[in-house]
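Tertiary structure, described
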Amino acid sequence: MTESTPTLAHGDEYIVFYVSGPYDGQNDRRIATEEGWDDYLTLIAADAEGSETQLRYDRPVAKQVGEQVHVTYTWDKADSDPLEDLDERNDL
């Protein structure tokens, strides 16, 4: 038995899982705006001072789990804004 790639139609909901980077282990739900899932996702993270960082997650891998489509995205560090070093966050 071979697994086929799942399909999504416009308006279908799918579950996103994030691997690596600041969102590692988190998930959310998205709605397909076209047929299929996005090739990449750009997330905006804000720190306590309001500075925003763009994070890119790409290389989607989709699988059908019951009635749901699960799509896993991996953090693309090279195409994301640099993250502030954890040791420097409290140094002003």
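This text follows the structure it describes.
For the rest of this paragraph, the subject is the nonpolar core. Y14, V16, Y18, Y57 and Y73 are the most contacted members of the largest nonpolar core, which has 13 residues in total. Contributing elements (two or more residues each) for this core: β1 (13-19), β3 (41-46), β4 (52-65) and β5 (68-75). The element contributing the most residues to this core is β5, with four residues.

Spatially, β2-β1-β5-β4-β3 is the arrangement adopted by the five strands of the open sheet, whose pairing is mixed. Either end of the sheet is taken by a strand with one partner, and the two such strands are β2 (27-31) and β3. Each neighbouring strand pair of the sheet contributes to a mean axis angle of 35°, computed without reference to strand direction. Pairing between β3 and β4: six bridges, direction antiparallel. Following the sheet pairing, A46 is matched in β4 by E52.

Scoring rules and cut-offs
Residues numbered from 1 in each chain as written. Predicted model: local features only at pLDDT ≥ 70, side-chain atom pairs only at ≥ 80, totals over all residues. Heavy atoms only, no water. Core = buried A, V, L, I, M, F, W, Y, C linked by side-chain atoms within 4.5 Å. Buried < 20%, exposed > 50% of the residue type's maximum accessible area, 1.4 Å probe, protein only. Helix = DSSP H or I, 4+ residues; strand = E, 2+ residues; numbered from the N terminus. Pairing = 2+ DSSP bridges. Axes fitted to C-alpha atoms, helices over the stretch in contact; angles between N-to-C directions.

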